[in-house]
Amino acid sequence: MTSDIALSVKDLKTYFYTNNRCNKAINGVSFDIRRGKTLCIVGESGCGKSVTASTIMQLLPTLSRIEAGSITYHAERGDIRIDQLARNGAEIRKIRGAEIAMIFQDPMTALNPVYTIGFQIEESLKYHTDLSLKEIKKKAIDLLRDMGIPMPEKRVDEYPHQFSGGMRQRAMIAMAMSCNPKILIADEPTTALDVTIQAQIFKLMDKLKAEHDTAIMLITHDMGVVAELADEVAVMYMGNIVEAGSVDDVLRSPKHPYTRALLDSIPVLGQGKKQAIKAIKGATPDPYERPNGCSFAPRCDFATKECDVMPDEEYISKSHRIMCANYKAVS
Amino acid sequence: MTVQKTILEIRDLELHFPVRQGVFKKVRGHVKAVDGINLDILKGEILGLVGESGCGKTTLGKSILQLIRPTNGNVIYNAKDETVDLCALSDAEMSAHRKNLQIVFQDPHSSLNPAFTIYGSLQDPLKKYGVKSAKERRRIIGDLLEAVNLRRDYMDRYPHEFSGGQRQRIGIARALLVDPELIVCDEAVSALDVSIQAQVLQLLLDLRAKRDLTYIFITHDLSVTEYICDRIAVMYLGKIVELADAEDLYKNTLHPYTEALLSAIPVADLDRKSNRIVLEGDVPSPMNPPTGCPFHPRCHKAIAKCKTHIPEFKISVNNDDVNHYAACHLLDET
């Protein structure tokens, strides 16, 4: 079964150090990304979703450190421990962009406004492939055409400000897909876009997954997106994966109180006013003053004394795992 | 149901921004941000205004409140004791009515002054509308903070000490200070996390019941509108293309744009695999809109007539529900 795993993360801990204080942004996270499958990571702002992505890409800021755990990339030429590679060393630069690519949330800040779209797509092709300049240009145009951008021959020489939001995001995807990566990490790729444009981007990502057998890790806060795209889901809260499993496990029979509360708090289209949406009481705690035990306990309706110690991860079925001391009481 | 009083009558409202180019700043065209809107807002209702970015929903909200003066049309406001056309008022005359018409802005981070305490920001409207004593102002602000589920002593804190959800609630408290009749909520919950969003939505509904408010709820999120709104108006390129009771709009969608918009929303329900209509392309430039129906280049049902004739916005003919309006040629075809 190991053969279809593209990347595995084990007990990863990433801490940030500022003003003599330590923010345990990721506090022991484990998951696998499989080839041709989509893993969705959901959670509210500040739960560590994006930090997980930048840890894998080795794009962390200087004041942070991978404290413990491992990130193993299962390449065809053998396993590579990404966490042990030198920061910005030759090896990680070879992998980054070519084998593991990333789509960022905000295409306006992720694209450089003073270079043309074409130049920015060609850049990674120049670095990672042996193609001639002419072939590279042709490839960039083909990529834009695949992404459904009209008149790619003309558009390739335009600057980011001449593109609309949806087109910029598609150009970002073209850039990420230029070297046919094995793993695609998409950090909220559609949050800034309208639903109609979002639908176009999702169609595109599904096509890429089917054609190139790419493993996708999609970071989102929208449960609707999860239902739509995911094969597997991991729900994060305050730096921990509190519940993970197949999309059926998590959405049909959520066991963790946080997942249930999250699903109860969103209005579902087509159910009108009769549906009762329940807000989660309180707000996410200060990351510097985390609760001692389960970090969701102060907001949880089912919290008991046992929640004062950090619960262990527990498998309730082969694919479905959960971090909650008394999940049995919840269902 | 009793006949509701109409609080605002919007008639042929237009807001065209001139586009100036060249050395002499010659007017080269207009961006028709709001283009001939007719709308009645009933007392006590929540009217949803939805559409993609750039369709003019925020501009419409602001031009109703005269924060941007419309270039043409009327906004008739039926106040408690008089009826006025807001568009005909001077700024000074308008300020008397602002007490009754308030707005909650989208971004709670940029709509509170970071250099003032909450009390400092919130006391201004009270001063303006005649609450002289500071003690009285503190009492009113304190009561309101409690009404939006915040602590009374929060008024001496600065905006950076609050989370996004708390700041949005402060924004709502500020709108409520002068006891308004109508509040325009411009994407009031869009910047919030889902768990906090539910808290704010609940608060808005509670406040409506307690204070007899009317909301114009501007958003791009159709699942939120369905939950909170009584009637929904769908906008596309400065025009309203469909207007109906919330439930009716979802059950009995008439306009192809609304249909596509609804089908594009991902639903957190595994049993409902949607037959998605994926719209091609982007919203056209409002400076140079397509001829005929503005939606026809992206429409999956467009017919020849759509390219040449602008469809009329009228009560839909093929069902008995008199409250369902739409602008589409296909409705005449059957």
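## Things to note about the overall build of chain A
At step 1: A count of helices and strands for chain A gives 12 helices and 12 strands.
At step 2: Taking 331 residues into account, the globule formula puts the C-alpha radius of gyration at 20 Å, and chain A, at 21 Å, falls close to it.
At step 3: A principal-axis box enclosing the C-alpha atoms of chain A has dimensions of 65 × 50 × 45 Å.
At step 4: With 331 residues in all, chain A has 56% of them scored as buried.
At step 5: Of all intrachain contacts in chain A linking residues separated by at least 6 positions in sequence, the fraction that spans at least 24 positions is 64%.
At step 6: Of the roughly 14,800 Å² that chain A leaves accessible, carbon and sulfur atoms contribute 51%.
At step 7: Taking the 42 positively charged and 42 negatively charged side chains of chain A as two groups, their mean positions are separated by 1 Å.

## Here's the deal with the pattern of salt bridges
Residue and element names in this part refer to chain B.
At step 1: Counting across every chain of the model gives 33 salt bridges over all chains.
At step 2: Here Arg69 makes a salt bridge to Asp91, at a shortest N to O gap of 2.8 Å. A residue pair is termed long-range when its members are at least 10 positions apart, and Arg69 in the loop between α1 (57–64) and β4 (72–78) and Asp91 in helix α2 (residues 91–97) qualify at 22 residues.
At step 3: Overall, the relative accessible area of 29% leaves Arg69 in the partly exposed class.
At step 4: The closest approach of N and O atoms between Arg152 and Glu146, which form a salt bridge, is 3.2 Å.

## A short note on the nonpolar core
Across soluble globular proteins, nonpolar side chains have a tendency to be buried as a group.
At step 1: If you look at the biggest cluster of nonpolar residues, it comprises 72 residues, and the most contacted ones within it are B:Ile172, B:Phe217 and B:Ile228.
At step 2: Here this core takes seven residues from helix α6 (residues 194–211) of chain B, the largest share from any one element.
At step 3: Every residue in contact with B:Ile228, bar those within four places of it in the chain, is listed here: A:Lys273, B:Ile46, B:Leu201, B:Leu204, B:Leu205 and B:Phe217.
At step 4: Formed by 60 residues, the second largest nonpolar core is a distinct cluster that contains A:Ile141, A:Ile149, A:Leu263 and A:Cys300.

## Overview of the sheet that holds strand β7 (residues 182–186) of chain B
All names here are of chain B.
At step 1: A sheet is described by the order of its strands in space; here eight strands give the open sequence β6-β7-β8-β3-β9-β10-β12-β11, paired in mixed fashion. Whereas interior strands pair on both sides, the edge strands pair on one side only; in this sheet they are β6 (101–104) and β11 (314–315).
At step 2: Relative to the sheet, helix α5 (residues 164–176) contacts β6 and β7, its axis offset from that of β6 by approximately 175°.

## With respect to unusual backbone geometry
At step 1: Even without being a glycine, A:Glu188 presents a positive backbone phi close to 45°.
At step 2: Given the relative accessible area of 7%, A:Glu188 is considered buried.
At step 3: A positive phi angle, near 55°, is found at B:Asp179, a position not held by glycine.
At step 4: Within the fold, B:Asp179 resides in the loop between α5 and β7.

## What about helix α7 (residues 165–177) of chain A?
At step 1: End to end, α7(A) covers 18 Å across 13 residues, agreeing with the expected 18 Å (1.5 Å per residue, within 8%).
At step 2: Within α7(A), 11 of the 13 residues are buried, which leaves the element mostly enclosed by the surrounding structure.

## Points about the domain arrangement of chain A
All names here are of chain A.
At step 1: Domain assignment breaks chain A into domain 1 (2–99 + 179–330) and domain 2 (108–178).
At step 2: Domain 1 and domain 2 are separated by 29 Å when their C-alpha centres are compared.
At step 3: Contacts between the two partners involve 19 residues from domain 1 and, on the opposite side, 14 residues from domain 2.
At step 4: Counting across the domain 1 and domain 2 interface gives zero salt bridges.
At step 5: Across the domain 1-domain 2 interface, the total number found is five residue pairs in polar contact (both at pLDDT 80 or more).
At step 6: Those elements that provide at least two residues to the side of domain 1 that touches domain 2 are α2 (90–95) and α8 (195–212).
At step 7: The element that contributes the greatest number of residues to the side of domain 1 that touches domain 2 is α8, accounting for seven residues.
At step 8: Per-class residue counts for the side of domain 1 that touches domain 2 are 10 nonpolar, five polar and four charged.

## Side note on the environment of A:Gly43
Residue and element names in this part refer to chain A.
At step 1: Tracing the backbone shows Gly43 in the loop between β3 (38–42) and α1 (49–57).
At step 2: Residue Gly43 is classed as buried on the basis of its relative accessible area, which comes to 4%.
At step 3: Taking the C-alpha atoms as reference, Gly43 lies 5.1 Å from Met236; in sequence the two are 193 residues apart.
At step 4: In contact with Gly43, other than residues within four places in its own chain, are Lys49, Thr220, His221, Met236 and Tyr258.

Parameters at a glance
Residues numbered from 1 in each chain as written. Chains lettered and ligands numbered in written order. Predicted model: local features only at pLDDT ≥ 70, side-chain atom pairs only at ≥ 80, totals over all residues. Heavy atoms only, no water. Helix = DSSP H or I, 4+ residues; strand = E, 2+ residues; numbered from the N terminus. Rg over C-alpha atoms; globule rule 2.2 N^0.38 Å. Buried < 20%, exposed > 50% of the residue type's maximum accessible area, 1.4 Å probe, protein only. Contact = heavy atoms within 4.5 Å. Areas by Shrake-Rupley, 256 points an atom, 1.4 Å probe, with all protein chains shown as cover. Lys, Arg positive; Asp, Glu negative; His and termini not counted. Charge placed at Lys NZ, Arg CZ, Asp CG, Glu CD. Salt bridge = Lys/Arg side-chain N within 4 Å of Asp/Glu carboxyl O. Core = buried A, V, L, I, M, F, W, Y, C linked by side-chain atoms within 4.5 Å. Pairing = 2+ DSSP bridges. Axes fitted to C-alpha atoms, helices over the stretch in contact; angles between N-to-C directions. Expected span 1.5 Å × (residues − 1). Domains from an automatic or database assignment. Polar contact = N/O pair within 3.5 Å; in protein donor to acceptor, adjacent residues only side chain to side chain. Nonpolar A, V, L, I, M, F, W, Y, C, P; charged D, E, K, R; others polar.

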